[in-house]
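# Fold and geometry: a report
The residues making up each chain are set out below.
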Amino acid sequence: MKKVGVVMAKGGAGKSTLVRHLAVAAHQEDFATVVLDTDPQGTLQDWAERRNGQEPHVVTEYSTNPDRIAKAFERIEAAGADLLVVDTQGQHSPIATNAAMRCDLVLIPMKPTPEDLKAVPATIDMLRLHKIPHHVVLSQCPWNTPRPKAEAYSLLNKLKVPVWMGAIHLKDAIPSSWIAGETVLELEGLSRAEEKSVEEFRSLWTWVRRELGLKASQPVSQ
Ligand SMILES: Nc1ncnc2c1ncn2[C@@H]1O[C@H](COP(=O)(O)OP(=O)(O)OP(=O)(O)O)[C@@H](O)[C@H]1O
Ligand SMILES: [Mg+2]
């Protein structure tokens, strides 16, 4: 089982959004995918309740006890998952660190804003300390100006932080899809502009899949 964590010690950066879209993208390619919600806010548990049992399933583990997190990973792997996608809370927490330490790859969503840029180094320091492979993913980028994105890339490059070369832009359909218990990957009747969001999430998943060494539509169960 491959494990992807989504971590950023700041609220509202786009963690839960990335988790649900990556999990659905993987599920749509026939990978047996499970979401682990470790954020006591329960954003993805609430989302799952709106899905009426549709896969990918969401499992919760809010304990700060590292053994409980480890056991949750083991249970999910033993149940035959190919991929685990882990949501974490938006602050420094032993839960997020314990989950990240067990992941093959950690994504750090970040809005191209000074506030999010300020929050990134502490998250990166934790990941570097534990030698966890990681990449920043620019999230909630405005469509009408490239400047915030360009400035964020430039600052992240100065900090020598690896960054996914795509970006996720702002789109109203993203919060509405949470309310519907879906993702933009599952909505019907999308406009051309909304389809660009779908392309962004699919492109991110394809990149993640390759980073994890998984072949398209050939799930592994080891
Ligand atoms: N690309 C986007 N376009 C529009 N809205 C977005 C986008 N990404 C996220 N959002 C919205 O921004 C809000 C915060 O996103 P999300 O819940 O994913 O952040 P988070 O990092 O998980 O926050 P928290 O730290 O509180 O758990 C949500 O309402 C979400 O629907
Ligand atoms: Mg969240």
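A quick note: this is a predicted structure, and the numbers were derived from the prediction, not measured.

Taken N-terminus to C-terminus, the directions of helix α1 (residues 15-28) and helix α8 (residues 192-211) make an angle of 75°; their axes are 9 Å apart at the nearest point. Considered as vectors, α1 and α8 are oriented roughly perpendicular to each other. Along the contact surface, α1 presents His21, Leu22, Ala25 and Ala26, while α8 presents Phe201, Arg202, Leu204, Trp205 and Val208.

The subject of this paragraph is the sheet that holds strand β1 (residues 2-6). Spatially, β3-β2-β4-β1-β5-β6 is the arrangement adopted by the 6 strands of the open sheet, whose pairing is parallel. One side of each edge strand has no neighbouring strand; the edge strands of this open sheet are β3 (57-60) and β6 (134-138). Here the average twist between neighbouring strands, direction ignored, is 25°. Bridge count for strand β2 (residues 33-37) against β3 is 4 bridges, and the pairing is parallel. The residue bridging Val35 from the neighbouring strand is Val58, located in β3. The strands touched by helix α3 (residues 66-78) within the sheet are β1, β2, β3 and β4 (83-87), with β2 carrying the most contacts at an inclination of about 165°.

Here the amide bond leading from Glu55 into Pro56 is cis, since omega sits at 0°, within 30 degrees of zero. With respect to the element layout, Pro56 can be found in the loop between α2 (43-49) and β3. One non-glycine residue, Asp30, adopts positive backbone phi at about 75°. Tracing the sequence through the fold places Asp30 in the loop between α1 and β2. Within the chain, Asn52 stands out as a residue other than glycine whose phi angle is a positive 50°. Note on placement: Asn52 falls in the loop between α2 and β3.

Rules of the game
Residues numbered from 1 in each chain as written. Chains lettered and ligands numbered in written order. Predicted model: local features only at pLDDT ≥ 70, side-chain atom pairs only at ≥ 80, totals over all residues. Axes fitted to C-alpha atoms, helices over the stretch in contact; angles between N-to-C directions. Helix = DSSP H or I, 4+ residues; strand = E, 2+ residues; numbered from the N terminus. Parallel < 35°, antiparallel > 145°, perpendicular 65-115°, else oblique. Contact = placed C-beta atoms within 7 Å. Pairing = 2+ DSSP bridges.

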